[in-house]
Amino acid sequence: MVEGFIMNTPRNVNNVIHLDNWYHSNYQDVYSFDLDDTLLQSVGTYETDYDLAKFNRDNTLLNNLRLKKLPLAVFVNMVFAKKNNLVVIHTARTVKWWLPFVLWFHGIKYDILIQRPKKNTMPSGQLKREQIKHQILFRKIKIGSLIFFDDSKENRDAIETLDYAIVHDPVEINKSITYDILNSSNRLEVIRMMRKRGYKI
């Protein structure tokens, strides 16, 4: 069993006071978004050279504040606006205390942030699958589907083995949906448009 490093940002003060109730809530769907090349451009060159040492040097607070937002960073807030959705930001990056500030700075809203625990060396696909099983299934959260966005095929393949999971390649989505469409449409119009394009949203 893998513990995930979690930071919660409950939607209101009442949720802070009654946080135990969160674990027994019913949600229509859980939307899980990767960070790099999904909501924000990737830090440094890790997505192409897989140089972890270089990534760790590049992964600074200042560099993260400079990252470009991608169209799904607008869509995630549309999903968040529906109260019975659970929005998860799920990154295989090693935990950083400042990451919630980075998400706030970029205007990204969410319910749960899951990061890689320190000293954990599991492959990212296996890590994310175990974290989702532990943090959602073992918490008795009743859900419809897990809608998972991740640019890594390894991660998508690992999550797709879960019966309730629907996986998407965010690189394709970010290319097909522009800021103009997102900023000029309401949430339901965007979801209908994405479904017409074949995305199970």
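Residues numbered from 1 in each chain as written. Predicted model: local features only at pLDDT ≥ 70, side-chain atom pairs only at ≥ 80, totals over all residues. Heavy atoms only, no water.

(A) Representation of the overall build of the chain in the model. From N to C terminus, the chain includes 12 helices and six strands. Taken across its 201 residues, the chain has 47% of its residues classed as buried. At a minimum sequence separation of 6, the contacts of the chain that also span at least 24 residues come to 70%. (Helix = DSSP H or I, 4+ residues; strand = E, 2+ residues; numbered from the N terminus. Buried < 20%, exposed > 50% of the residue type's maximum accessible area, 1.4 Å probe, protein only. Contact = heavy atoms within 4.5 Å.)

(B) The arrangement of the packing of aromatic side chains in detail. Tallied over the entire structure, the rule returns five aromatic pairs. With 6.5 Å between their ring centres and 65° between their planes, F33 and F75 make a pair best called edge-to-face. Residue F33 is located in strand β2 (residues 29–33), and its partner F75 is located in helix α6 (residues 72–80); the two are separated by 42 residues in the primary sequence. With relative accessibility at 0%, the residue F33 sits in the buried group. The class of F75 is buried, set by a relative accessible area of 1%. Here F101 and F105 contribute two aromatic rings whose centre-to-centre distance is 6.5 Å and whose plane-to-plane angle is 40°, an arrangement assigned as tilted. A residue pair is termed a helical-turn pair when its members lie 3 or 4 positions apart in one helix, as F101 and F105 do in helix α7 (residues 99–105) at four residues. Put simply, the rings of F33, F75 and F149 pair up and form one aromatic cluster. (Phe/Tyr/Trp six-rings, centres within 6.5 Å; stacked < 30°, edge-to-face > 60°.)

(C) Quick peek at the environment of N56. By the element assignment, N56 lies in helix α4 (residues 52–58). With 13 residues separating them along the chain, N56 and V43 place their C-alpha atoms 9.4 Å apart.

(D) Examining the nonpolar core more closely. Ranked by internal contacts, the top residues of the largest apolar core, which has 34 residues, are F33, L39, F75, I89, F149 and M194. For this core, the secondary structure elements donating two or more residues are β2, α6, β3 (85–94), α7, β5 (145–149) and α12 (187–196). Top element by residues in this core is α6. It accounts for seven residues. Counting 13 residues, the second largest nonpolar core, distinct from the first, contains I112, L146, F148 and I159. (Core = buried A, V, L, I, M, F, W, Y, C linked by side-chain atoms within 4.5 Å.)

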